[in-house]
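# Observations on the model geometry
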Amino acid sequence: MTAKAKAGNRAGHITHGNVLEDLGFTAEETREIEIKMTIWRPLRAEMEARGLTQAEVVGLLRMHQPDASLLMRSRLEKFSVMKLMQFAGRLGLMVRSMV
């Protein structure tokens, strides 16, 4: 095998074990994203289990349709942690916070 072929099998960069940090997010941004995803996963699971449409999500969560679309596609940049917790409560989910 040639040296060029061997080099082609090597990783392009070294990962630090956290893809968010590898993408340049700060530790604070990374933690916020992780918290949001921790809240979003059960939200998404509950919406799927109920077979909710975007229109139904709009009514249940008291939001506008574009926001329901973002939420259902895991585009969480627009939503604060507190807002996601409110959504969980409106779906009857219990949210616990631990420090």
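In case you missed it, the structure is sitting above this.
The following refers to the structure shown. From a predicted model like this one, the values you see are computed outputs, not experimental measurements. (Residues numbered from 1 in each chain as written. Predicted model: local features only at pLDDT ≥ 70, side-chain atom pairs only at ≥ 80, totals over all residues. Heavy atoms only, no water.)

### A short note on the pattern of salt bridges
Considering all chains together, one arrives at six salt bridges under this definition. Across the pair Glu32 and Lys36 runs a salt bridge, and its minimum N-O distance is 3.4 Å. Here the residue Glu32 and the residue Lys36 both occupy positions in helix α3 (residues 27-50), the gap between them amounting to four residues, near one helical turn. On the basis of relative accessible area, Glu32 is assigned to the partly exposed category, the value being 38%. With a relative accessible area of 8%, Lys36 lands in the buried category. The salt bridge involving Glu46 is made with Arg50; its shortest N-O contact spans 2.7 Å. On the criterion of helical spacing, the pair formed by Glu46 and Arg50 is a turn pair, its members being four residues apart in helix α3. (Salt bridge = Lys/Arg side-chain N within 4 Å of Asp/Glu carboxyl O. Helix = DSSP H or I, 4+ residues; strand = E, 2+ residues; numbered from the N terminus. Buried < 20%, exposed > 50% of the residue type's maximum accessible area, 1.4 Å probe, protein only.)

### A word on a nonpolar patch on the surface
A cluster of nonpolar side chains, Val19, Leu23 and Phe25, forms an exposed patch at the surface whose accessible area comes to about 310 Å². Among the structural elements, Val19 can be located in helix α2 (residues 19-22). (Patch = residues over 30% accessible without salt bridge, like charges linked within 9 Å, V, L, I, M, F, W, Y side chains within 5 Å. Areas by Shrake-Rupley, 256 points an atom, 1.4 Å probe, with all protein chains shown as cover.)

### Quick look at the packing of α3 against helix α6 (residues 81-90)
Contact pair α3 / α6: the axes reach a minimum separation of 10 Å and the direction vectors enclose 15°. When the axes of α3 and α6 are compared, the pair comes out roughly parallel. Where α3 crosses over α6, the two elements pack in a sense that is left-handed. Packed against α3, whose contacting residues are Glu32, Ile35, Lys36, Ile39 and Leu43, the element α6 presents Val81, Leu84, Met85, Phe87 and Ala88 at the interface. The class makeup of the residues in the contact of α3 with α6 is eight nonpolar, no polar and two charged. (Axes fitted to C-alpha atoms, helices over the stretch in contact; angles between N-to-C directions. Parallel < 35°, antiparallel > 145°, perpendicular 65-115°, else oblique. Left-handed = near helix turned anticlockwise from the far one by under 90°. Contact = heavy atoms within 4.5 Å. Nonpolar A, V, L, I, M, F, W, Y, C, P; charged D, E, K, R; others polar.)

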